[in-house]
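Commentary on secondary and tertiary structure
Given next are the chains, with one letter for each unit.
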Amino acid sequence: MIKSAIFEPNLLSMYPKSILLLIITFLCTLTVSAQYTEKINTNRPGTSQGAFSVGNNVLQLEGGFGFGKEKHKLLNTKTNVFKFDYSVRYGLLIEQLELRLNGTFRADGVKQTIGGNEEKIKRSNFEVNTIGAKYLIYDPYKKPKKDSTNYDELKSWKERYRFKWKSLIPAVSAYVGANFVSKDNPFTAPNDDTFSPKIVLMTQNNWTTSLNGNWVLVTNLIVDKVTTDDPIIGWIITSTHTINEKWAAFGEYQGQKSDFYSDNILRLGGAYLYNKDLQLDANIAFNFKDTPSIFTFSFGASYRFDWHTKDEIIEQPGLEGGIKEGEKEENEGEGENEEDEQDGLDELEEGDEIENDSLKLRKTPFVNDFEDDGFRDAIESDLDQRRTEERLERERIENEKIAKKEDKKFRKEEARRLKREAKEARKAEKAEIQAEKEKQKMINDIDAELDKMEKEQGVDQELQDIDKELQELEKMEKDLDSDNQEKEEKKEEKKEEEDVDAEYEKYQKEQEKTKKAEEKRRRKEEKKRQKEEKKRKKEEQKRKSKEEKDNKTDDSDLDKELEKIDQ
């Protein structure tokens, strides 16, 4: 059987330029894999490290505050905990490399009951400060080959979204760092070394489903302080689910085992993407034992300074991510390389042969004797047709995305406009109600002030005294009339028996009584006149106050109208 050099390349007979190109391509497939993403990629709110770095020339700051309580059943202590954790990450030189500085500051207030006495102890120090570097060893999400497109996925929705066993292969990274702790630190083991190494092995799986959104699974295997008397073995498993474009939820399980302290901690929380460079988060943490029991609430944020200038590959494989500028530049570079190689082929001497696995005739000068040119043309035509269909499908998907984005933006702006108009209407209504309330309040204040003034001047009291005197005078008149009537009756009965002197004396007495009654009547009329005068003055004063109040109200309304006209 004769083997075709097209499908069975022989490295011994390959041209040196092709060998060099093959080696460079192989190295690129091992090392070139972009870590940069258009949106911030942070480790918060959990404590695990993702496998991917922040991207070349990107500085990212992560931090948060935590408040919690711890109770130790055996030691009979209650502790109020305050924590501040920070992390500084920077992508250096290449996409796979990241430098990282992180640490945790802790302040405690410990209450311990011994017998009937309660002791309070305050402690504060850094639990740990670590500096190190992370490197991506393997990335299954690297840029696929251009000719490896699955054309069935372009035609079948089921084929595109079916479960792929290859997605179980995770990205793998390694972290190597050093811990720095102060001497006599209350949060570390006694006689702990000030310097100790830390090694972390990280894996990460990214899954995208059509119905349930995006899922990320991160695992960390930690070997810490291996050179000290109390080495630590730890593990962290974190699962994150994207709810929508802004919100994400996460759950995390952390285990730690050492002679100094061992525990299992569960964390639950979520994150909000404020913009592509800022994320806010919050979480709660608790454990499953009472020596001590832990409950902590934390909140924080992550922000990046994005100085990344160039994307190296497509962000996502296939057609979902579209074509980036990096791929366009690479395609242009390939065109130039093909022209250079064609020039090199023209310079070859007769008898030199180059074996290549490409189907393009201009790149395969060696042709097997048994190969039919028509067959080659058919293959090339079919390949060109497939590439054209792929390009058209890609353009259609991109156009649909742009149309959906524009429609969503329009609806969002319309909703904002309606909301803004409703808000302005409510604001105007509230202002009108407030003005009415202020006007009513002004009227009530003026009435209260007038009442106060009248009370201070004693007008009401004088009127009450006058009324009282008038009532007394009326009572005296009634008594006098009754006495006169009785006396008249007696006079008629004894008129015949009395003599002239007695009648004269009676007459004088009657005149005196009549005079007294007249005096009382005059005094009563004078009191009535004074009362009427007081009432008239009071009404006049109220009328003047009301006119002044109306003038003030008219002036304030006029000022408001003028202000509206000015606006």
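Before reading further, recall that the structure is shown in the block above.
Values in this document were obtained by computation on a predicted structure and should not be read as measured data. One numbering rule holds for all chains: residues counted from 1, following each sequence as written. Thresholds applied to this predicted model are a pLDDT of at least 70 for local features of residues and 80 or more for the giving and counting of side-chain atom pairs; totals over whole chains, interfaces and linings are not thresholded and use all residues. Excluded from the side-chain calculation are hydrogens and water; included are all heavy atoms of the structure.

1. Remarks on a negative patch on the surface
This is how the line gets drawn: Patch membership needs two things, relative accessible area over 30% and no salt bridge, and members are linked within 9 Å if like-charged or within 5 Å if nonpolar (Val, Leu, Ile, Met, Phe, Trp, Tyr). All accessible-area figures derive from a Shrake-Rupley calculation using a 1.4 Å probe, and residue coverage is judged against the displayed protein chains alone. The term salt bridge refers to a side-chain nitrogen of Lys or Arg lying within 4 Å of a carboxyl oxygen of Asp or Glu. Counted as positive: Lys and Arg. Counted as negative: Asp and Glu. His and the chain ends are not counted at all. By convention, the point assigned to a charge is CZ for Arg, NZ for Lys, CD for Glu and CG for Asp. Elements are defined by DSSP. Helices are runs of H or I of four residues or more, strands are runs of E of two residues or more, and each kind is numbered from the N terminus.
Together, D479, D481, D483, E486, E488, E489 and E492 make up a region of like negative charge exposed at the surface. For E486, the location among the structural elements is in helix 6 (residues 459-494).

2. Observations regarding the environment of D259
This is how it is decided: When a residue's accessible area, from a 1.4 Å probe over protein chains only, is under 20% of the maximum for its type it is buried; when over 50% it is exposed; and in between it is partly exposed.
Mapped onto the elements of the fold, D259 is located in the loop between strand 9 (247-257) and strand 10 (263-275). For D259, a relative accessible area of 70% gives the class exposed. Separated by 70 residues in the primary sequence, D259 and A189 place their C-alpha atoms 9.1 Å from one another.

3. Some details on the side chain of E62
To keep things clear, this is the line we draw: Any pair of nitrogen or oxygen atoms within 3.5 Å is treated as a polar contact; in protein, a donor-acceptor pairing is required on top of that, and neighbouring residues in sequence qualify only through side-chain atoms on both sides. In what follows, a contact means two residues having at least one pair of non-hydrogen atoms within 4.5 Å.
If you trace the backbone, E62 turns up in strand 1 (residues 58-72). Under the relative-accessibility criterion, E62 is labelled buried at 6%. Of the polar contacts made by the side chain of E62, one reaches the side chain of T42; its length is 3.1 Å. Among the polar contacts made by the side chain of E62, one reaches the side chain of R89 at a distance of 2.9 Å. Sequence-distant contacts of E62, that is, excluding residues within four places in its chain, are made with N41, T42, N43, R44, D85, Y86, S87, R89, A301 and S302.

4. A short note on the pattern of salt bridges
Evaluated as defined, the whole model comprises 32 salt bridges. We note a salt bridge from R89 to E62, for which the minimum N-O separation is 2.9 Å. Within this pair, whereas R89 is found in strand 2 (residues 77-91), its partner E62 is found in strand 1, the two being separated by 27 residues in sequence. Beyond isolated ion pairs, a larger network of salt bridges with shared partners links E70, K83, R106, D108, R123 and E127.

5. A short note on the packing of aromatic side chains
Applied cut-off: Note on ring pairs: Phe, Tyr and Trp rings are taken, using the six-membered ring of Trp, and paired if centres are within 6.5 Å. Classes follow the plane angle, with under 30 degrees stacked, over 60 edge-to-face and the rest tilted.
As enumerated under the stated definition, the model contains 13 aromatic pairs in all. A ring pair is formed by F65 and F84, whose centres lie 5.2 Å apart and whose planes are at 40°; its orientation type is tilted. Remark: F84 occurs in strand 2 and F65 occurs in strand 1; sequence separation between them is 19 residues. Where W247 meets Y272, the ring centres are 4.8 Å apart and the plane angle is 50°; that geometry is what we call tilted. Taken together, the residues W247 in strand 9 and Y272 in strand 10 connect sequence positions 25 residues apart. Take W247: its relative accessible area is 46%, and that puts it in the partly exposed class. The exposure class of Y272 is partly exposed, given its relative accessible area of 26%.

6. A short note on the side chain of R106
Tracing the chain through its elements places R106 in strand 3 (residues 97-114). Relative accessible area serves as the criterion here: at 8%, R106 is assigned to the buried category. Only 2.9 Å separates the side chain of R106 from the side chain of D108, close enough to count as a polar contact. A distance of 3.3 Å separates the side chain of R106 from the side chain of E127, its partner in a polar contact. Those residues in contact with R106, other than ones at most four positions away along the chain, are E70, V81, F82, K83, R123, S124, N125, E127 and F187.

Purely geometric numbers; function is a separate question.
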